[in-house]
Amino acid sequence: MPVPDLTESPFLAACRSLPHDRIPVWFMRQAGRSLPEYRAVRGTGSILQAIAQPDLATEITLQPVRRYGTDAAILYSDIVTPVHAIGFGVDIVPGVGPVVEHPFRTTADLDRLRPLDPEADTPYVLATVRNLVAELPVPLIAFAGAPFTVASYLVEGRPSRTYTNVKTLMLTDEPLWFALMDRLADLAIASLRSQVEAGASAIQLFDSWAGALAPAHYERYVAPASRKVFDGVCDLNVPLIHFGVHTGELLGAMADVGADMVGVDWRTPLDVARTRVPDRCALQGNLDPAVVIAGWEPTREAAADVLRRNAGHLGHVFNLGHGVLPETDPGVLEQLVAWLHEQPTGTR
Ligand code: CP3
């Protein structure tokens, strides 16, 4: 089968603030429990088992592209896939999230974080990527968890509201903290490089929980490792996206570590976000996912506000401010994509 020509992709153009002929849109968690076709094929058990089946993972990645006509696909995998694959002892509990049997606490735990050999440790991820790039009409986004967000699961042992254990480690044992961040940066680099070498066309680094940090702590304890990740993949020449939630005060720092585009959640209006990043940096976002649940009219109004605040800027990819919520009516997202594709694109 001929590989589709992606040179005209509005998504890839907008990531680089270049002209494009329709407003590009995709949704974080576009594949997942909001889709009846996902629930029909997903099966029970840990999502990590579903990710390890290339035919299933391929089908699940394609489902939202088929249904919505989104301008990009995101690989069906998870940010803990690499640490799981090297045997750190992490599982994803449905309704909870990543849970670690023996949390990371001491220098001895560094030995549990050996380097990732993607061909040997995550062959199923690469098989899924290769399947997808042969079939997809749109770019495939590779992704990894940023060192801080992955560390938050490894140190806390489960999803946390306060991040007290991970912050305590950061603030009381700098050598161990930086060693941990360095290992996690290497894992992210190896995973991302392998996904792009297998055919993915863009990268998103998820630092979902970085917004829990004071800006000074972000700069000192987190930014160097995230910069290492971006430095380690920039020669691949694919757009680099950097995303987190509650990161209004961190947007400038998150751009500065080497991102071409920064994700913005709904708490920061796009016009305000624009003043916080350099001119070269594009923005992705930022409709509140809860608004979609309120129905089409509120969704259309909020989406129109996003476009108004973007004010015709070329560097904008439409997305939600965080992932699609499980109770979302996919019909509203279908309407949203169709509506966005009828709107005029950016010009400046
Ligand atoms: O469309 C997509 O975005 C699909 C691929 C994807 C998943 N996880 C699948 C998934 C991506 C990009 C992720 C990344 C991820 N995983 C992040 C960063 C993105 C974000 O939401 O900020 C984080 C923090 C995780 C960790 C994680 N994995 C959580 C918190 C959960 C939810 C647990 C639950 O059951 O509510 C998961 C599980 C998970 N990963 C699901 C999906 C579709 C849930 C559904 C399932 O188990 O089938």
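The present account deals with the structure reproduced in this document. No experiment lies behind these values; they were computed from the predicted model shown.

**Details of the overall build of the protein**
Counting its regular elements, the protein contains 16 helices and nine strands. Here the protein has a C-alpha radius of gyration of 19 Å; the compact-globule value for 348 residues is 20 Å, and the two agree. Overall, the C-alpha framework of the protein stretches about 55 × 45 × 40 Å when taken along its three principal axes. By the burial criterion, 57% of the 348 residues in the protein qualify as buried. By sequence separation, contacts in the protein at least 24 residues apart represent 73% of the contacts at least 6 residues apart. Looking at charge distribution, the protein has the averaged site of its 28 positive side-chain charges lying 4 Å from that of its 40 negative ones.

**So, the pairing of strand β6 (residues 240-243)**
Residues Leu240 and His242 line one face of β6 and the alternating positions Ile241 and Phe243 line the opposite face, and both faces are buried. Here four bridges tie strand β5 (residues 202-206) to β6, and the two strands are oriented parallel to one another. Pairing of Leu205 across the sheet is with His242, part of β6. This β-α-β element, β5 to helix α11 (residues 215-231) to β6, shows right-handed connectivity. Bridging between β6 and strand β7 (residues 261-263) involves two bridges; their strand directions are parallel. Bridge pairing links Ile241 to Met261 in β7. For the crossover from β6 across helix α12 (residues 251-256) to β7, the handedness is right-handed.

**Brief notes about the site of the ligand**
Near the ligand there are 25 residues, and of these Tyr38, Arg42, Gly95, Ser208 and His322 occur at the shortest range. For the ligand, an oxygen atom lies 3.0 Å from a polar atom in the backbone of Gln30. Measuring from an oxygen atom of the ligand, one finds a side-chain N or O atom of Arg33 at 2.8 Å. Contact with the protein chains covers 93% of the free accessible surface of the ligand, which is 860 Å². Residue assignment for the shell around the ligand shows that the elements contributing at least two residues are α2 (36-42) and β3 (97-100).

**Digging into the pairing of strand β9 (residues 316-320)**
Remark: a regular strand shows side chains that alternate across the two faces of the sheet. Within β9, five of the five residues are buried, which leaves the element mostly enclosed by the surrounding structure. Going residue by residue along β9, you find His316, Phe318 and Leu320 tucked away on one face and Val317 and Asn319 tucked away on the opposite face as well. Across five bridges, strand β8 (residues 282-287) lies against β9 in parallel orientation. Looking at the pairing, Gly285 lines up with Phe318 of β9.

**Description of the environment of Pro115**
In this fold, Pro115 is placed in the loop between β3 and α6 (118-121). Measuring from C-alpha to C-alpha, the distance between Pro115 and Val100 comes to 19 Å, with 15 residues separating the pair along the chain. Those residues in contact with Pro115, other than ones at most four positions away along the chain, are Ile86, Asp121 and Leu187.

**Focus on the side chain of Ser208**
Structurally, Ser208 is set in the loop between β5 and α11. Take Ser208: its relative accessible area is 8%, and that puts it in the buried class. When neighbours within four sequence positions are excluded, Ser208 is seen to be in contact with Thr149, Phe243, Gly244 and Val245.

**Topic: the packing of helix α10 (residues 174-197) against α11**
Running from N to C, α10 and α11 cross one another at 25°; their axes reach a closest spacing of 9 Å. Comparing their axes, α11 and α10 come out roughly parallel. Remark: the crossing between α10 and α11 carries right-handed chirality. Of α11, the residues touching α10 (which contributes Glu174, Trp177, Phe178, Met181, Asp182, Ala185, Asp186, Ala188, Ile189 and Leu192) are Arg220, Tyr221, Val222, Ala225, Lys228 and Val229.

About the criteria used
- Residues numbered from 1 in each chain as written.
- Predicted model: local features only at pLDDT ≥ 70, side-chain atom pairs only at ≥ 80, totals over all residues.
- Heavy atoms only, no water.
- Helix = DSSP H or I, 4+ residues; strand = E, 2+ residues; numbered from the N terminus.
- Rg over C-alpha atoms; globule rule 2.2 N^0.38 Å.
- Buried < 20%, exposed > 50% of the residue type's maximum accessible area, 1.4 Å probe, protein only.
- Contact = heavy atoms within 4.5 Å.
- Lys, Arg positive; Asp, Glu negative; His and termini not counted.
- Charge placed at Lys NZ, Arg CZ, Asp CG, Glu CD.
- Pairing = 2+ DSSP bridges.
- Right-handed = clockwise from strand over helix to strand, strands pointing away.
- Near = heavy atom within 4 Å.
- Polar contact = N/O pair within 3.5 Å; in protein donor to acceptor, adjacent residues only side chain to side chain.
- Areas by Shrake-Rupley, 256 points an atom, 1.4 Å probe, with all protein chains shown as cover.
- Axes fitted to C-alpha atoms, helices over the stretch in contact; angles between N-to-C directions.
- Parallel < 35°, antiparallel > 145°, perpendicular 65-115°, else oblique.
- Left-handed = near helix turned anticlockwise from the far one by under 90°.

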